[in-house]
Each structure stands twice: as structure tokens, then as C-alpha cells.
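Next come the chains, spelled out residue by residue.
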Amino acid sequence: VCTINTPIQPLHAMGSSSRDETGPRLSYEVGLNSLDATLDVIASSGRVSSLSQGLFRHLRSAIRANTGAKAGRYYFEVQVLERIPEAPALLLAGFSTDRSSLFLGSQLTSVGFDSKGSSCSTMRPAGELGEAKRVGLLLDQEVKDGSVSVFLDGEQVGSTAIPHLCGKALFPTVTFQNVTLAVDFHTPGPERCRAFGSILEEHHARSSVQAAPKEVIIPVALPHSGLYDWSLRWREVQRPDFVEIGDDMMADWSALSCLSSRPDPSRAAGSRDDPHMACLGIEQLRSREVWRGALMDLAKNSRQSLIHSSVRRNLVEAERRSLLKNFPTAKKIAVVLFGKPDEDFRDWVKQRTRSDYEAAKEQLERRRSSAEAAGEEPPVDDLKEPPEADFPSKMEVSDKVLAHELKNFSLPDKAEGFDEIRYEWADEAGAKAGLLQWLREQKARRIVEGLAPGEWFDKKYKDWKDARRVFQNGQRDFSTRSQGDDSLADKVSAIDLSEVKDPHNADGEGTPIYGNFKYEDWVVLSWRYELHLLSHAFPIDAADSDRLGVPEEHMEHYWRIYYHHHFEPRKLGAANLRDALKVLKEPIQLKETSSGSRILVSTCDRESSIDAFVVSVEAYRRDRCRRIEAGDESAALNIPRQSKAPGPEGKATGKGVMKSAPKTTPKAKPPQPS
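Notes on the structure in this doc start here. (Residues numbered from 1 in each chain as written. Predicted model: local features only at pLDDT ≥ 70, side-chain atom pairs only at ≥ 80, totals over all residues. Heavy atoms only, no water.)

1. A word on unusual backbone geometry
Line of reasoning, step 1. Note the cis peptide between Glu586 and Pro587, where omega equals -5°.
Line of reasoning, step 2. Tracing the backbone through its elements, the reader meets Pro587 in the loop between helix 13 (577-584) and strand 22 (588-592).
Line of reasoning, step 3. The phi dihedral of His564 is positive, around 60°, even though this residue is not glycine.
Line of reasoning, step 4. Of note, His564 is situated in the loop between helix 12 (555-563) and helix 13.
Line of reasoning, step 5. You can call His564 exposed: its relative accessible area is 66%. (Helix = DSSP H or I, 4+ residues; strand = E, 2+ residues; numbered from the N terminus. Buried < 20%, exposed > 50% of the residue type's maximum accessible area, 1.4 Å probe, protein only.)

2. Some details on the packing of aromatic side chains
Two numbers describe a pair of aromatic rings. These are the distance of the centres and the angle of the planes.
Line of reasoning, step 1. For the coordinates displayed, the defined rule picks out 27 aromatic pairs.
Line of reasoning, step 2. Judged by centre distance (6.5 Å) and plane angle (90°), the ring pair of Phe76 and Phe196 falls under edge-to-face. Placement of the pair is Phe76 in strand 7 (residues 73-83) and Phe196 in the loop between strand 15 (194-195) and strand 16 (204-206), with a sequence separation of 120 residues.
Line of reasoning, step 3. On the accessibility criterion, Phe76 (0% relative accessible area) is buried.
Line of reasoning, step 4. Take Phe196: its relative accessible area is 0%, and that puts it in the buried class.
Line of reasoning, step 5. On the basis of an interplanar angle of 35° and a centroid distance of 5.3 Å, the ring pair of Phe345 and Trp425 is categorised as tilted. One end of the pair, Phe345, is in helix 6 (residues 343-373); the other, Trp425, is in the loop between strand 21 (420-423) and helix 8 (428-445), with 80 residues separating them in the sequence. Assigned by exposure class, Phe345 and Trp425 land together as buried. (Phe/Tyr/Trp six-rings, centres within 6.5 Å; stacked < 30°, edge-to-face > 60°.)

3. With respect to a negative patch on the surface
Line of reasoning, step 1. Judged by side-chain charge, Asp342, Glu343, Asp344, Asp347 and Glu424 come together as a negatively charged surface patch.
Line of reasoning, step 2. Looking at where Asp344 falls in the secondary structure, it is placed in helix 6. (Patch = residues over 30% accessible without salt bridge, like charges linked within 9 Å, V, L, I, M, F, W, Y side chains within 5 Å. Areas by Shrake-Rupley, 256 points an atom, 1.4 Å probe, with all protein chains shown as cover. Salt bridge = Lys/Arg side-chain N within 4 Å of Asp/Glu carboxyl O. Lys, Arg positive; Asp, Glu negative; His and termini not counted. Charge placed at Lys NZ, Arg CZ, Asp CG, Glu CD.)

4. Here's the deal with the pattern of salt bridges
Pairs can form between side chains of opposite charge once their charged atoms are near each other.
Line of reasoning, step 1. Tallied over the full model, the rule gives 51 salt bridges.
Line of reasoning, step 2. For Glu236, the salt bridge goes to Arg352, with nearest N and O atoms at 2.2 Å. In this pair, Glu236 sits in helix 1 (residues 227-238) while Arg352 sits in helix 6, placing the two residues 116 residues apart along the sequence.
Line of reasoning, step 3. Exposure remark for Glu236: the relative accessible area of 24% places this residue in the partly exposed category.
Line of reasoning, step 4. Note that Asp546 and Lys443 form a salt bridge whose closest N and O atoms lie 3.1 Å from each other.

5. Here's the deal with the side chain of Gln442
Line of reasoning, step 1. Positionally, Gln442 belongs in helix 8.
Line of reasoning, step 2. Within the structure, the side chain of Gln442 is placed 2.6 Å from the side chain of Arg446, a separation counted as a polar contact.
Line of reasoning, step 3. In contact with Gln442, not counting residues within four places along its chain, are Leu402 and Leu406. (Polar contact = N/O pair within 3.5 Å; in protein donor to acceptor, adjacent residues only side chain to side chain. Contact = heavy atoms within 4.5 Å.)

6. Thoughts on the pairing of strand 23 (residues 598-602)
Line of reasoning, step 1. Summarising burial for strand 23: 4 of the 5 residues are buried, a large majority.
Line of reasoning, step 2. With 5 bridges connecting them, strand 22 and strand 23 associate as antiparallel partners. Bridging across to strand 23, Gln589 finds its partner in Val601.
Line of reasoning, step 3. Adjacent in sequence and paired antiparallel, strand 22 and strand 23 are bridged by 5 residues, among which Gly596 carries a positive phi angle near 95°. (Pairing = 2+ DSSP bridges.)

7. Observations concerning the nonpolar core
Line of reasoning, step 1. Ranked by size, the top nonpolar core spans 62 residues in total, and within it Trp230, Trp253 and Phe338 carry the most contacts.
Line of reasoning, step 2. If you tally residues by element for this core, the top one is helix 3 (residues 288-301), at 6 residues.
Line of reasoning, step 3. With 54 residues, the next largest nonpolar core counts Phe471, Ile513, Phe517 and Val523 among its residues. (Core = buried A, V, L, I, M, F, W, Y, C linked by side-chain atoms within 4.5 Å.)

8. Regarding helix 2 (residues 247-256)
Line of reasoning, step 1. Among the 10 residues of helix 2, 7 are classified as buried, and the element is accordingly described as predominantly covered.
Line of reasoning, step 2. Taken residue by residue, helix 2 has Asp247, Asp248, Met249, Met250, Ala251, Trp253 and Ser254 as its buried positions.
Line of reasoning, step 3. Buried residues along helix 2 sit against helix 1, strand 18 (242-245), helix 3 and helix 4 (311-315).
Line of reasoning, step 4. Backbone geometry just downstream of helix 2 places Cys258 in the positive-phi region, at approximately 60°.

Written out as C-alpha cells, the structure is:
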């Protein structure tokens, strides 16, 4: 560390403070407010520094005084005591309003100068410090529009009017990076001004951030229902002593440190819950575990009350439990934000959204004017009118993450470690009903991420493929035996289906019950059984009580996962799944759920045998034959033959088509003795 040993000197050459002004003095000491600071700040007796190793070497720190001035002329100064060598350094000193951003230059609620005397009306990257040892700031609320002047080593080098801040309580604020500072509120300033530490009671305003027992709040809400807005309102309006922690806060901190523009939550790679920080090019930000761990270490050791803003993580019990373990002595509160938000909150969100837009527009105009005055290229106007929605927030949770975590979402319980659970917009029963309904609706329209066929399906599907080859060989043998003998076909049709025990030897004389199957019967058998397998395998593999069947609109997706080819109802002569089920007749149905979606269900038990499916297809064949013989031509199945290129033997190939069996194909069961 490079230490600058020059002590702070009073500005005698600038004149003394106006001693003839009288009035009550404050009953407390003016100083820095360690509770109104970034989490990494270390402040004591007017000295202030911050963590400067690893991740924090790249982040800016900031702190605000415990007292502001709403009138009069007051002065304070800052001195650099030491800086970290070979690291970007920064010192910005100025004033900001209570409850506003600590980072000077980030909003119109602040005004300040850097160590070279330049105004910090916009955010600029850290670089080299100025040569001055002392930076003094004079706030003058007695002149028209108000002004702030900057002094370097006792000499005034700049001044700016503050019409947008005049008359407001302005608090001394310091934003810095990789330096240790001394902040002096007692050094006399220019003539007719007082040191900030001698502020008159009638001119002062006390910070709203005061010491209080540490609390940790975890708001729980559904996506796009106002969690981030509620968190902001809580910190700005209700409890300004709270500090936000979470991924969104780290993304904002990085942007306010001028690492880069804030990662865009609208990109597929990131969201407010999980910003894509790796794109900022900082090694310590490439791994979420690294920077989340560093942030949590700060939060654990801070005296500040905290609010954890995250939609996904706050909805997952395991995440809540893990978070609460870090704060054994703090009061831990869950705030459940389910139901319809109250009108006051919705109005606040709309007003805040509008004011943010107007502030950004005003700041853009200031930047444009500055650029034109300097002969530079004006900034691009990319501002858009805010939408009229209640919560026009950016993407909070990506669809991929949401689909993966749906099964883990739950409401908080005191058994997780909470001292208190508050229900803001609906009672506990209403919140539970709302979550259940929302989960059903979401699961009905979202695919299950990472789903793969399980052990039950793999075994059943292998058994089916083996059995299908046996059936095909059995019919081939029967066809050879029945050539020139029509009585064998009649023999099959005469078998009582209710008495069939073995489909390969249905009558005890070696007659297969599938002996009269045609092309369309094998197609029906394949579709029936494979749909049956899928309808039972999906809820097993999804392992979610709210996912009881394949949604109709996701049939193509899951069919490809289980069978590795496209779902094509046209092979049944059908236009879609519903038409296909009309062709198949049974055992598959589309059942309507409470959310209004339709899911695939089988009327057969999941352990129903393949033999039973063969017998049911024979019953279906016989019924069609009777209807056709009675003159009902609609009973005929119009299943198109496969149009693929002929196989090696000049025969058609494809699903449901009889193929020549390989030499290793198992043979049909021999006739049983009568």
C-alpha cells in the first residue's frame, strides 16, 4: 500500500466560518453513517476504507453522512491517506439526498466532483487520482438555485448550480475505490460558511438510516407479480436502513462501478434472478459460487438489516433454509406477496416507473447538452415510454430455469427457521390456493426440462420391441400354413376372445389370435401400445404430482424424447392427436384438467400385458369387419402405406410394417398340448 503521510490542514487562507451566527447546536456528533454505506465499507473516527482484494478491487464503495443541510453554507473536505498500487483508483466527493443512490453521478439526486475538480454528473471509469491532497466541498443554499463549489488544496477550481436540488436536505457523500480516506467535518471553510460539523439545528436534517436490531427479510412472490418493486419500495419508503442482497443487487453494483453496462435481463443468457455476469470480463464474476459467497460473507458480518431479492431462490425451500443459516442471531421474516396488490402499491410502482423515465430523460438531455458544448458526438436516445402494466419489470426468471424449478416451489414455513411469516395481499389459505393454481397452469403449458426415459419405460419398451418381432414371425409362419386353406382364417375368427390365454396359441392347436391381422392392425397395435407406455412413463419420470399426463400441446416434444422420432398422426390418416385417438378408439383418452388443458391418459393399468393389447386389436378388427359387411363403409381404416424408399428386399419399411426377422429373432411359442 502506498501511504500519503501529509496530514489534513485547516484552510486558514480561505477565511474563518461566520462566528456571529448563533442558534442551537446539534445534540449529536456529525459524522459518517456506517449503516448508510455499501456492505464493504469500513468506517471509524472519520477514516473510511473498503475491501480491496479479489472481487472488491473492481467494485466502488460509498458512504453518506448522518446529517444533511437544507439551508445555509456548509463545508467539509476529504483527504486521500493511502491507495492500493497498480489498481484503478477513484475519489468522488459531493452531496446526495437522503434515501437516494450512494453512487455520485448515477442519479440526478446527487452532485459531486472528482479529485481533479471535474464534475461527476455522469458515471466514468476509475483511473488516476488528481495531484491534490485535499478535496473540499462547499454547499451554498443561500444563493439563488443553490450551488456546490469544489476546492483543491484550498483553492476553488469549480462550481455548479443545483436548481433541481436547492432547498432539499443534502448529505455529504463519498464514492471511492481502492483508497483510504479521511473525511473531516470540522475544518473551517471559506468566509461566511460553517464547517459541516457545526451545522445549526434549524438547517440540519438527520439521516433516516438509524441503528436498529438486525433483521433479514425474504419476500416470496410469483414471477412478475411485484417482488422487485416491493423490495425497492420497502428500502426507499418504509425502511431505508435495509440493504438489498442478491444477484440483481450484484449486477447493479457492477454497473455502478462502471465495469460495463448492466447485463441485459432480456437476453436469454440472464435475468434479474440470474444475471449473466461472466460477460463483464472480471475473473471473480465468472463463477456465481465465487461472487455469491463473497457477497454472503459481507452480509453475515454486516450490522445492517438485509432484504434478499430473488423470485426463484425465495420460492425454493432448500434455498431459503440455506440462506437463513447465515444469520443465526438476526430476526428472520418471510413476507408472502400473493394475491392482488393493494392500490397504493400499484400506484407507487406506476409513479416510480414514470419518475425513473423522466429522470433518465432529463439526464440524457444534460449529457446531450454537454456533448454539444464540447463538440462531441451526442448520446443515442434509446429511451422508451414506460408501459402501462402494473409491474413493467424486466425478465425476472428465464423460462428454462422456471420450468426446471417448478416442482420445488413452495410457501415458507416457520420450521425452515423463520421467526415470523407475514401475508401481505392474501391470507395463508388464499396464498396456498394461489400458488397451487399457478403451478398447475404453468406446468400445463411448460415442458419438463431435463426429462429422460426412466428404468420402467426402458424395460417395457425393450419388451415391446422383442414381442413385436415374435408376433411378426408368428404371423409369417401362420400365413405360410394358411396358403390355400381359407379354413384357418375362419378358425381364427371363431376363437372366443374371452378365453384366450396365449395369443400365439389361442385355441390350443397353434392358432395365433393375430393370424388375420392386416397392415392397418399392426399399425393400430403399435400406436395403442406406445401411446399407453408414454402415458404411464411420463408421470413416473416427471415425479411431480401436478404432472399426471403428457399435455396435448407438448405431444411432439415428449414423443421425440421417448421414441426418438417425430410424432406423425398422418401415419394413421389423422390430422392431429385428437383425430388419431378417434381412429385408435382405445385405450388412450385426452382428459381435461382443472387448469383447462388436456392430458394423455390410458384406461389400461400400466402393467397391462402386451398380449391383452393384441387381443383387443383383434376385437377391434372383428368389429370393423362386421360393420363393413353390414354396409357401414365408414368403419374401414384409411391408414396410408408408408411412402419411404423400399427396403433391401424391395418391401416398404417403417412403423407398423411387417419386416423379415433377423436370424436371431425369437420364435413364436409352440402349441401347448391339449
